[in-house]
Amino acid sequence: MPLVVPFFIADGLHSYEDIPVLLGIAGESRGAASAMAKNILGGNPYHLRGRTLYYASAIGTEPMFADLILEQVAAFDAVEPASAFAG
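Quantities reported herein were computed from a predicted structural model and do not represent experimental measurements.

### What about the sheet that holds strand 1 (residues 3-4)?
Turning to step 1, where the next piece is worked out: Pairing is mixed in the open sheet, where three strands are placed in the order 1-3-2. Each having just a single partner strand, strand 1 and strand 2 (46-48) make up the two edges of the open sheet.
Turning to step 2, where the next piece is worked out: Sheet topology note: the strand 1/strand 3 (residues 51-55) ladder contains two bridges and is parallel. The residue of strand 3 that forms the bridge with L3 is Y54.
Turning to step 3, where the next piece is worked out: Here helix 1 (residues 13-23) sits on the sheet and contacts strand 1, strand 2 and strand 3; the angle it forms with strand 3, its principal contact strand, is near 165°.

And the structure:
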């Protein structure tokens, strides 16, 4: 079962309009993100071509995302000391 999670810091026109159109779960509609467009996340599951697809909100809306970024920074700092970037 496919699960699509946009790798954006926040939901917006790409996650409400562009990606759903590319996935085939919404029709083409241009303009401001309307209430109908925002409801795209509430339409799960979607049934397309004999498969079930779940579409989630952008990964940046997950509260633990900030922790993930800090872990990545700490891992980088452990390998590349800040002195390597000093002028």
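### Section: the pairing of strand 3
Turning to step 1, where the next piece is worked out: Sheet topology places strand 2 next to strand 3; three bridges connect them, and they run antiparallel. Its bridge partner being in strand 3, H47 is matched across the sheet by T52.
Turning to step 2, where the next piece is worked out: Connecting the antiparallel pair strand 2 and strand 3 is a turn made up of two residues, with R49 showing a positive phi of about 45°.

Definitions and limits used
Residues numbered from 1 in each chain as written. Predicted model: local features only at pLDDT ≥ 70, side-chain atom pairs only at ≥ 80, totals over all residues. Heavy atoms only, no water. Pairing = 2+ DSSP bridges. Helix = DSSP H or I, 4+ residues; strand = E, 2+ residues; numbered from the N terminus. Contact = heavy atoms within 4.5 Å. Axes fitted to C-alpha atoms, helices over the stretch in contact; angles between N-to-C directions.

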